[in-house]
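Coordinates in review
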Amino acid sequence: MGNRGMEDLIPLINKLQDAFSSIGQSCNLDLPQIAVVGGQSAGKSSVLENFVGRDFLPRGSGIVTRRPLILQLCFNKAEYAEFLHCKGKKFVDFEEVRAEIEAETDRITGSNKGISPIPINLRVYSPHVLNLTLIDLPGMTKVAVGDQPLDIEHQIRDMLLQFITKESCLILAVTPANQDLANSDALKIAKEVDPQGLRTIGVITKLDLMDEGTDAKDILENKLLPLRRGYIGVVNRSQKDIDGKKDIRAALAAERKFFLSHPAYRHMAERMGTPHLQKQLNQQLTNHIRDTLPGLRSKLQSQLLSLEKEVEEYKNFRPDDPTRKTKALLQMVQQFGVDFEKRIEGSGDQVDTAELSGGAKINRIFHERFPFELVKIVFDEKELRREISHAIKNVHGVRTGLFTPDLAFEAIVKKQIIKLKEPCIKCIDLVIQELINTVRQCTCKLGSYPRLREETERIVTTYVREREGKTKDQVMLLIDIELSYINTNHEDFIGFANAQQRNPQNKKRAIPNQVIRKGWLTLNISIMKGGSKEYWFVLTAESLSWYKDEEEKEKKYMLPLDNLKLRDVEKGFMSTKHIFGIFNTESSRNVYKDLRQIELACDTQEDVDSWKASFLRAGVYPEKDQVDTEDTAPSETFSMDPQLERQVETIRNLVDSYIGIVNKSIRDLMPKTIMHLMINSAKDFIHSELLAYLYSSGDQNSLMEESADQAQRRDELLRMYHALKEALHIIGDITTTTVSVPVPPPVNDSWMQEASPTPQRRPAAAAATAPSRPPAVRGPTPGPPLNPSPAFGVPPIPSRPGPPPMNAFGSNSQQDPFSAPPLIPSRPARIPPGVPSRRPPGAPHRPTIIRPAEPSLLD
């Protein structure tokens, strides 16, 4: 026979667990632990066993429980037990469980009464239990025996406090009836950790072993040494019954018979015994569950509210509805077009703060990367002069020319214009790559329909690739147009007269104070010379300066750009920055202080390329060009006659001027051409033609098939929504179907604080000895009882009209209900109270004189 009350709670807990597991969460009820404390052989293990309804704990005389047993009850369809120290082994026979507990106890403590604070962890799986933790603790003692340490009293006390100090632990303070209650160590230690008495229940055992003619009625009626939750008497099996394998069911029947037949207890038999103790503990579990429900309910309600908006569009969802698919297709295509335009044109919502993308990246390609590619087309001065010299000689042929030939100028200019094709094609490729990335990012929102996403991406990408060919053809056409006619009448062209008078030294720096770039760079210097530090750099057409900060008030250094070159520098082993170097081509000169080269570091490679482009615009070129020209320059370039040299210089200046005009024109027309032929065309295509292409690409039903992930997400969302509603409904049902019993009112338990282990000093409150028969209350009760509880009401004694003599928690309700609890007599009692001794009372109807227990020699 199991614990009937616990079995009634199991379906309720299972409902909650199922409701929470259906939404993928755990129902954290955190049911309280139940611990038994008391002296040795007080019957603690028997009380715990009766609560579980199973016979599995070791029994005997003296100290039997010598290690804490943490018993975890787990609801399960199969019934078996497992020990933490025997992982993987299942015990189905509970006799084997008892034998294993004894063997494990002896393994640590020895067989000679030794104790240990190391707990034994036992887990019992059963369909008849709740998920609870029960703790069987060693009995309190004062004298060491066998292998026990001398400070055994303190060791056991510390062991008990380790468990019962937790607020979630119910304390069963077990005291045998044949011991003086005022000396109960269990009540004393319970009072220390639970001064309000909210989680302490007094349990009186061995009522059947009291001397004939004595009883514990006053204690059980909570008149003597009262507790807030009162006392419950139980009759456990004797050692003889245990040895004789007496069944728990038969023992419970014998206990029931004892209380009904005993003259002192028959009027309160309904409130005594193991079933009532189970009922009280189960009611505590019910109260705990009800206290936990509001927090669980608010948690579920907040989740339900967060799902409401998403679920709204799925509530009337029908996957095969053709109108829904058409509407969804139109909405998706429209949203795709809006997203694409926002990413290109820019918008205030959904701004990416992590990196440049879409229109911003294309803008950077137009105005930083493309000019950088143009500037990288460096005119190698010596090579260019050699080519001009050859052109002039080839134009004159066998004759010696007196004038500078136009044909030589045109030949050199056209050769330089053709070099512009490569950076223009590269610019288009970079824009195409960014456009395709933008399309891919915009189709992410179509992930619910993988076929639609795939088709949209394919159609738009194909169109962009088609426009790529047309754009490249148009750009090539622009360059061919430039090649077709060299306009020497352009207003910005310097002409022959100016070309002959132009100073070659200043041709590259027409505006000396022009600021080309500003920004933060890290100046890498060895630790011995000050270490790396960040400065604000300003690059002009003539110098590179760096300041302490962007206010540009405290200048650290100014470096002239004459004879400077750039070179790439490899990143250091632990460095995350990208580095480039600046050095002076004159080997004898330092760049900065005693450094032949300074290293400048940026966070990204893009920043490095951008700074290099700026240096190129300022006339600082990469090192490799200088090296190549030194290796390849023929000696004849330097042996020109003065007239030829003047002609070369004139054409050189003319070429420089005209290429500047062409560069300016190409830099202006390239972004316009790409925007018109590619980007704006793609936007128009998405808005006006994409839908038609999608309709013609295949069956609309197959196009709008949901992905398995989307269907699963929708199903999970709806299931979660309905499960949350069901869980809230179950919580509401539990709230209405369970009854929460209020905490009993406080009682005068000052006796615990004043009680002393010596029988000579007893509290005055204990002097009020209760009569053996309570006086009858005549007439109707003028008001409600002190603690009304219909669940635990006891019928009145026959032939004695009046209300029940006891309330739910055993407090005295036989006096006037408006009067206070029993008053403490003004005169101290001469005879201390306690559990009745072996001497019977003098007369059956006189107040019982309870004599003190015999003083122990150990006191």
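Residues numbered from 1 in each chain as written. Predicted model: local features only at pLDDT ≥ 70, side-chain atom pairs only at ≥ 80, totals over all residues. Heavy atoms only, no water.

1. A few points about the overall build of the protein
The condition that has to hold: The helix count covers DSSP runs of H or I at least four residues long, the strand count covers runs of E at least two residues long, and both are numbered beginning at the N terminus. Think of it in three bands: with a 1.4 Å probe and only protein chains considered, a residue is buried below 20% of the maximum accessible area for its type, exposed above 50%, and partly exposed in between. We get accessible surface area from the Shrake-Rupley algorithm with a probe of 1.4 Å; when it comes to residues, only the shown protein chains can shield them.
A count of helices and strands for the protein gives 23 helices and 16 strands. Burial analysis of the protein (859 residues in total) assigns 47% to the buried set. For the protein, the exposed surface amounts to about 44600 Å²; the carbon and sulfur share of it is 51%.

2. Quick look at the sheet that holds strand 9 (residues 515–524)
This is how it is decided: Pairing between strands requires that DSSP locate at least two bridges from one strand to the other. Whether two residues are in contact is decided by their heavy atoms, any of which lying within 4.5 Å being enough. Fitted lines through C-alpha atoms give the axes, limited to the stretch in contact for helices. The angle between two N-to-C directions lies from 0 to 180 degrees.
Pairing in this open sheet of 8 strands is mixed, and the strands run 12-11-10-9-15-14-13-16 from one edge to the other. Two strands bound the open sheet, and with one partner strand each, they are strand 12 (555–560) and strand 16 (621–622). Lying on the sheet, helix 17 (residues 605–617) is in contact with strand 9, strand 10 (533–540), strand 11 (543–547), strand 13 (564–569), strand 14 (578–584), strand 15 (597–602) and strand 16; it crosses strand 9 at an angle near 130°.

3. Points about the environment of Ala613
Positionally, Ala613 belongs in helix 17. When the C-alpha atoms of Ala613 and Pro371 are compared, they prove to be 7.6 Å apart, with 242 residues separating the residues in sequence. Discounting chain neighbours no more than four positions away, the residues touching Ala613 are Phe372 and Val375.

4. Describing the sheet that holds strand 6 (residues 169–176)
Sheet strands associate in pairs through backbone hydrogen bonding, adopting either a parallel or an antiparallel arrangement. Read from one edge to the other, the open sheet built from 8 strands follows the order 3-4-2-5-1-6-7-8, with strand pairing classed as mixed. Unpaired on one side and paired on the other, strand 3 (80–83) and strand 8 (231–233) mark the two borders of the sheet. With strand direction ignored, the average angle separating the axes of adjacent strands in the sheet is 25°. The pairing of strand 1 (residues 33–38) with strand 5 (residues 132–136) spans 4 bridges and is classified as parallel. Note that in strand 5 the partner of Gln33 across the bridge is Thr133. Of the strands in this sheet, strand 2 (69–75), strand 3 and strand 4 (120–126) touch helix 3 (residues 94–109), which is tilted by about 170° from strand 4.

5. Overview of the side chain of Ser116
Going by this rule: Here a polar contact is taken to be a pair of N or O atoms separated by no more than 3.5 Å, where protein atoms must pair a possible hydrogen donor with a possible acceptor and residues adjacent in sequence count only if both atoms sit in side chains.
Structurally, Ser116 is set in the loop between helix 3 and strand 4. Its relative accessible area of 6% is what places Ser116 among the buried residues. Here Ile118 takes part through its backbone nitrogen, which lies 3.1 Å from a polar atom of the side chain of Ser116. Leave out the neighbours within four places in its chain, and Ser116 touches Arg66, Arg67, Pro68, Ile108, Thr109 and Met159.

6. Overview of the packing of aromatic side chains
Formally: Only rings of Phe, Tyr and Trp enter the pairing, Trp through its six-membered ring, and a pair is recorded when the two centres are within 6.5 Å. The plane angle decides the type: under 30 degrees is stacked, over 60 is edge-to-face, the rest tilted. Charge-over-ring placement is defined geometrically: NZ (Lys) or CZ (Arg) within 6 Å of the ring centre, and within 35 degrees of the ring normal.
A complete count under the given rule lists 15 aromatic pairs for this structure. With a centroid separation of 4.1 Å and an interplanar angle of 5°, the aromatic rings of Tyr463 and Phe685 are classed as stacked. Of the two residues, Tyr463 sits in helix 15 (residues 450–484) while Phe685 sits in helix 19 (residues 642–688), which places them 222 residues apart along the sequence. The pair formed by Tyr463 and Phe685 is uniform in burial state, with each residue classed as buried. Three or more aromatic residues joined by ring pairs make a cluster, and in this case those are Phe537, Trp546, Tyr557 and Tyr592. The cationic tip of Arg517 hangs over the ring face of Trp611; the distance from NZ or CZ to the ring centre is 4.8 Å.

7. A few points about the pattern of salt bridges
Put simply, the rule is: Just to be clear on terms, a salt bridge is a Lys or Arg side-chain nitrogen sitting within 4 Å of an Asp or Glu carboxyl oxygen.
Overall, the coordinates contain 23 salt bridges when judged by the stated rule. For Glu167, the salt bridge identified is with Arg199, shortest N-O distance 4.0 Å. You can see Glu167 sitting in the loop between helix 4 (152–164) and strand 6 and its partner Arg199 sitting in the loop between helix 5 (185–193) and strand 7 (200–205), a full 32 residues away along the chain. A relative accessible area of 67% places Glu167 in the exposed class.

8. So, the pairing of strand 6
Filter applied, for reference: The handedness rule is simple: strands pointing away from the viewer, and a clockwise path from the first strand over the helix to the second, make the crossover right-handed.
Within strand 6, 8 of the 8 residues are buried, which leaves it mostly tucked inside the rest of the structure. Covered by surrounding structure in strand 6 are Cys169, Ile171, Ala173 and Thr175 together with Leu170, Leu172, Val174 and Pro176, the residues of both alternating faces. Alignment of strand 6 against strand 7, held across 6 bridges, turns out to be parallel. Bridge pairing links Ala173 to Gly202 in strand 7. Remark: the strand 6/helix 5/strand 7 crossover connection has right-handed handedness.

9. Re unusual backbone geometry
Glycine aside, residues mostly have negative phi, and peptide bonds are mostly found in the trans state. Positive phi outside glycine occurs at Asn222, with the angle close to 65°. If you trace the backbone, Asn222 turns up in the loop between helix 6 (217–220) and strand 8. Given the relative accessible area of 6%, Asn222 is considered buried. Unlike most non-glycine residues, Glu552 shows phi in positive territory, near 60°. On the accessibility criterion, Glu552 (26% relative accessible area) is partly exposed.

10. Side note on the packing of helix 13 (residues 406–418) against helix 15
Put simply, the test is: The labels follow the angle: roughly parallel below 35 degrees, roughly antiparallel above 145, roughly perpendicular from 65 to 115, and oblique for the rest. Classification used: nonpolar for Ala, Val, Leu, Ile, Met, Phe, Trp, Tyr, Cys and Pro, charged for Asp, Glu, Lys and Arg, polar for all others including Gly.
Where helix 13 contacts helix 15, the two axes come as close as 10 Å, and the packing angle between them is 175°. Accordingly, the angle class assigned to the pair helix 13 and helix 15 is roughly antiparallel. Where helix 13 abuts helix 15, its residues Lys414, Ile417 and Ile418 lie against Ile479, Glu482 and Leu483. The residue inventory of the contact of helix 13 with helix 15, partitioned by class, reads 4 nonpolar, no polar and 2 charged.

11. Overview of helix 14 (residues 421–442)
The cut-off we apply is this: One less than the residue count of a helix, multiplied by 1.5 Å, gives the span that helix is expected to have.
Taking 1.5 Å per residue, 22 residues should reach 32 Å; helix 14 reaches 32 Å between its end C-alpha atoms and fits that length. Taken together, the buried positions of helix 14 are Pro423, Cys424, Cys427, Ile428, Val431, Ile432, Glu434, Leu435, Ile436, Thr438, Val439 and Cys442.

12. Quick word on the confidence of the model for the protein
Filter applied, for reference: A score between 0 and 100, pLDDT records how confident the predictor is in each residue.
Per-residue confidence for the protein gives a mean pLDDT of 75, with 74% of residues at or over 70. Scored below 50 in pLDDT, residues 625–639 makes 10 contacts in the model with residues more than four places away or belonging to other chains.

13. Considering helix 9 (residues 274–312)
Definition in use: The angle between axes fitted to the seven residues ending at a residue and the seven residues starting there is what we call the bend at that residue.
The first and last C-alpha atoms of helix 9 sit 54 Å apart over 39 residues, in line with the 57 Å expected at 1.5 Å per residue. Bending of helix 9 peaks at approximately 30° at the position of Leu293, with proline Pro294 no more than four residues after it.

14. Structural notes on the environment of Lys533
In this structure, Lys533 sits in strand 10. The sequence separation of Lys533 and Ala601 amounts to 68 residues, and the corresponding C-alpha distance is 9.9 Å. Those residues in contact with Lys533, other than ones at most four positions away along the chain, are Leu521, Thr522 and Leu523.

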